[in-house]
Amino acid sequence: MENNNLNTKQQFGSNFGFLMAAVGSAVGLGNLWGFPYKMGANGGFAFLILYLILVVFVGYVIMLSELALGRKTGKGVVGAFTDLSKKYRFIGWMSAIAPWLILSFYCMLGGYCMKYALANLGDVFGAGWGVAGADSGAYFGAFTSNMVETSIYSLVFVALTVLIVLGGVKGGIEKFTSIAMPALFVMLVITIIRSVTLPGAAAGLEFMFKPDWSAFQGTGWITVLAVAGGQMFFSLSLGMSIMVAYGSYLPKEQNMERSALIIPFADTLVAIMAGLATMPAVFAMGQTPGAGPGLLFITLQTVFGAMGGFGPFFGFLFYFLVFIAAITSSISLLEGITAVAVDTAAEKGKTIHRNKLIAALGISIAITSVLVSIDGLGANGFPQFFGQGCWLDAIDLVSEGILMPLAACYCAIVIPTELVKEEVTLNGNQFRTQKFYDFCIKFIAPIMMVIVLLGQMDGFFGLGMFG
Ligand code: PFF
């Protein structure tokens, strides 16, 4: 049993365990839902290429910087930035508030996945609680506006997240993700095989991989870049305290450079695989790829409904897969802020038990996720904020649209390259990508991030700066 006292430092048991936890954090709704729908709505192939460029030139270097900062300082994100300089403490807080905000809607969406997995399972058995051939749009609307049902699913998801994190970094997070991630990979492969073998699937593959630059016309490339950039930060769990916290649990002998390469690689692979699991099926069943957020719960449910006999089975498999991916991410969000809470308590010389902090954070998230749930994606008539259509979008605007790219931008600027070099070369490891890292972190990453930030704000506030 792990000792969860404040004074005992948490640590991953093995490099494989750390990688599964970090990849588990990165792979989530962002990959299985966000990536396909954003690609669908932003030009397919053109989006894919920009995304890949961003991962290589920006994602990798920020990932390495965050992991190094965490391991060097051994602290959560607030303590880590404070160790660099007291004046950087606010960057830590920006990175700590964002995951707390994100958890409110992430848990609700995780709950939606549970509902859909169960409903498809119901259809497998022909039970009364299945979708039972209902119109997907109407079914989704009825579910999301049902305050009690959505709140219950959200609370169950929050409880599961809290339970795993209570198990500790090694006994909870590492243990769970070491099983869940390989299982997720297998489920994804099965789903892809079904999707690409449907008659008419080739059109989906063409949409993803046939060069078409029309989305870049005029200032269109800025919009695509901004969407791809926001997606990249979210998908790689950057600028959000997680990679700093996970770095702080990483034993000194592990090769950090290799991990910083593997995590974005695996995350991007899963995003493309998610595209392969969804796009061919969407085209084969005569649906549109640019359906926006409705892709996961409306378009895909329609696809499963239209598949015939085995449709509900594949529906169950798919939504269960998304649920697993979501929970391996939500536990990292909770762990990121737990690390901050633990440090802050320790700074004040308090001896609070880690588990009590997790429970308190869990309660706060339970409250916020119920609030987001009862908004019913804006359908239940509550007042709305920042010109957005629902609370989820308003919270997303603040966290994903502003705090995250800002925090990641600061990471690129304030984490000393010397610190990163020192951490990478511990134990005589070579820093093979040092020249590339130095160049990207100084020039490419900050410039890209400013463009991303401008584009995100333009999109969110509808300023029309880019046409
Ligand atoms: N990376 C996760 C996804 O793609 O869904 C979401 C996420 C997890 C974002 C952890 C941020 C984070 F810190």
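This structure is a prediction, so every number in the text was calculated from the model and none was measured.

What follows is about the overall build of the chain. Within the chain, the secondary structure is distributed over 18 helices and zero strands. Referenced to the eigenvectors of the C-alpha coordinate spread, the extents of the chain come out at roughly 55 × 50 × 45 Å. Buried positions account for 59% of the 467 residues belonging to the chain. Partitioning the intrachain contacts of the chain with sequence separation of at least 6 by distance along the chain shows that 81% fall at a separation of at least 24. Distance between charge centroids for the chain: 10 Å, based on 23 positive and 24 negative side chains.

Let us now look at the packing of aromatic side chains. Applying the stated criterion to the full structure yields 38 aromatic pairs. Geometrically, the ring pair formed by phenylalanine 157 and phenylalanine 323 is edge-to-face, given 5.9 Å between the ring centres and 75° between the ring planes. Of this pair, phenylalanine 157 sits in helix H7 (residues 147-166) while phenylalanine 323 sits in helix H14 (residues 311-347); the two residues are 166 residues apart in sequence, bridging distant segments of the chain. Taken individually, phenylalanine 157 and phenylalanine 323 each receive the classification buried, so the pair is uniform in this respect. Ring geometry for phenylalanine 297 against tyrosine 319: centres 6.1 Å apart, planes inclined by 5°, an arrangement best described as stacked. Of this pair, phenylalanine 297 sits in helix H13 (residues 294-306) while tyrosine 319 sits in helix H14, placing them 22 residues apart in sequence. Grouping residues by exposure puts phenylalanine 297 and tyrosine 319 together as buried. Taken together, the ring pairs connect Trp33, Tyr37, Tyr112, Tyr116, Tyr139, Phe140, Phe143, Tyr153, Phe297, Phe304, Phe318 and Tyr319 into an aromatic cluster.

Surrounding the ligand, one finds 15 residues, the nearest of these being Gly30, Tyr106, Phe234, Met240 and Ile242. Alanine 26 places a main-chain nitrogen or oxygen 3.0 Å from a nitrogen atom of the ligand. For the ligand, an oxygen atom lies 2.7 Å from a polar atom in the backbone of glycine 30. When isolated, the ligand has an accessible area of 330 Å², and the protein chains bury 100% of it. Elements represented by at least two residues in the shell around the ligand include exactly helix H1 (15-26), helix H2 (29-41), helix H10 (220-235) and H14.

This next bit is on the pattern of salt bridges. According to the stated counting rule, one finds eight salt bridges in the structure shown. Note that glutamate 400 and lysine 38 form a salt bridge whose closest N and O atoms lie 3.8 Å from each other. Note that glutamate 400 is positioned in helix H16 (residues 391-414) and lysine 38 in helix H2, a separation of 362 residues in sequence. Lysine 38 shares its class with glutamate 400; the two are buried. Two residues, lysine 115 and glutamate 149, come together in a salt bridge whose shortest N-O distance is 2.8 Å. Residue lysine 115 is found in helix H5 (residues 89-124), and its partner glutamate 149 is found in helix H7; the two are separated by 34 residues along the sequence. Under the relative-accessibility criterion, glutamate 149 is labelled partly exposed at 24%. Among the ionic contacts, a cluster of salt bridges with common partners joins Arg71, Lys252 and Glu423.

Because the α-helix completes a turn every 3.6 residues, residues three or four places apart line up on one side. Over its 29 residues, helix H12 (residues 256-284) runs 42 Å from end to end, which matches the ideal 42 Å to within 8%, given 1.5 Å per residue. Across the 29 residues of H12, 22 count as buried, placing the element largely inside the fold. N-capping of H12 is provided by asparagine 255, with a side-chain oxygen placed 3.1 Å from the backbone N of glutamate 257. Backbone geometry just after H12 places glycine 286 at a positive phi near 70°.

Tracing the backbone shows threonine 328 in helix H14. Residue threonine 328 is classed as buried on the basis of its relative accessible area, which comes to 0%. A polar atom in the side chain of threonine 328 sits 3.0 Å from the backbone oxygen of alanine 325. Setting aside residues up to four positions removed in sequence, threonine 328 forms contacts with Gly24, Ser25, Val27, Phe176, Thr177, Ala180 and Met181.

Positive phi values are uncommon outside glycine, yet serine 237 reaches one of about 55°. Of note, serine 237 is situated in the loop between H10 and helix H11 (242-248). Residue class for serine 237 comes out buried when judged on its relative accessible area of 4%.

On the surface, Leu118, Val124, Phe125, Trp129, Phe310 and Phe313 cluster together into a nonpolar patch covering about 660 Å² of accessible area. Position of valine 124 among the secondary structure elements: in helix H5.

Helix packing for two helices is described by the angle between their axes and how far apart those axes are. At a minimum axis separation of 8 Å, H1 and helix H8 (residues 169-196) run at an interaxial angle of 70°. In terms of orientation, H1 and H8 fall into the roughly perpendicular class. Listed contacts from H8 to Phe16, Gly17, Phe18, Met20, Ala21, Val23 and Gly24 of H1 are Ile173, Glu174, Thr177, Ser178, Met181 and Pro182. Here the contact of H1 with H8 is composed, by residue class, of eight nonpolar, four polar and one charged.

Per-residue confidence for the chain averages 91 on the pLDDT scale, and 96% of its residues sit at or above 70. Per-element mean pLDDT across the chain ranges from 85 in helix H18 (residues 434-461) up to 98 in H7.

Packing of H5 against helix H6 (residues 136-144) brings their axes to within 12 Å, and their N-to-C directions diverge by 130°. Judged by the angle between their axes, H5 and H6 are oblique. As H5 packs across H6, the resulting crossing turns out to be right-handed. Judged by residue contacts, Tyr112, Lys115, Tyr116 and Ala119 of H5 engage Tyr139, Phe140, Phe143 and Thr144 from H6. Across the contact of H5 with H6, the residue classes break down as six nonpolar, one polar and one charged.

Locating isoleucine 395 in the fold gives a position in helix H16. C-alpha separation for the pair isoleucine 395 and valine 372, spaced 23 residues apart in sequence, amounts to 9.3 Å. Setting aside anything within four residues of it in sequence, one finds isoleucine 395 in contact with Leu101, Ser104, Phe105 and Val372.

Reading the values: rules and limits
- Residues numbered from 1 in each chain as written.
- Predicted model: local features only at pLDDT ≥ 70, side-chain atom pairs only at ≥ 80, totals over all residues.
- Heavy atoms only, no water.
- Helix = DSSP H or I, 4+ residues; strand = E, 2+ residues; numbered from the N terminus.
- Buried < 20%, exposed > 50% of the residue type's maximum accessible area, 1.4 Å probe, protein only.
- Contact = heavy atoms within 4.5 Å.
- Lys, Arg positive; Asp, Glu negative; His and termini not counted.
- Charge placed at Lys NZ, Arg CZ, Asp CG, Glu CD.
- Phe/Tyr/Trp six-rings, centres within 6.5 Å; stacked < 30°, edge-to-face > 60°.
- Near = heavy atom within 4 Å.
- Polar contact = N/O pair within 3.5 Å; in protein donor to acceptor, adjacent residues only side chain to side chain.
- Areas by Shrake-Rupley, 256 points an atom, 1.4 Å probe, with all protein chains shown as cover.
- Salt bridge = Lys/Arg side-chain N within 4 Å of Asp/Glu carboxyl O.
- Expected span 1.5 Å × (residues − 1).
- Patch = residues over 30% accessible without salt bridge, like charges linked within 9 Å, V, L, I, M, F, W, Y side chains within 5 Å.
- Axes fitted to C-alpha atoms, helices over the stretch in contact; angles between N-to-C directions.
- Parallel < 35°, antiparallel > 145°, perpendicular 65-115°, else oblique.
- Nonpolar A, V, L, I, M, F, W, Y, C, P; charged D, E, K, R; others polar.
- pLDDT = per-residue confidence, 0-100.
- Left-handed = near helix turned anticlockwise from the far one by under 90°.

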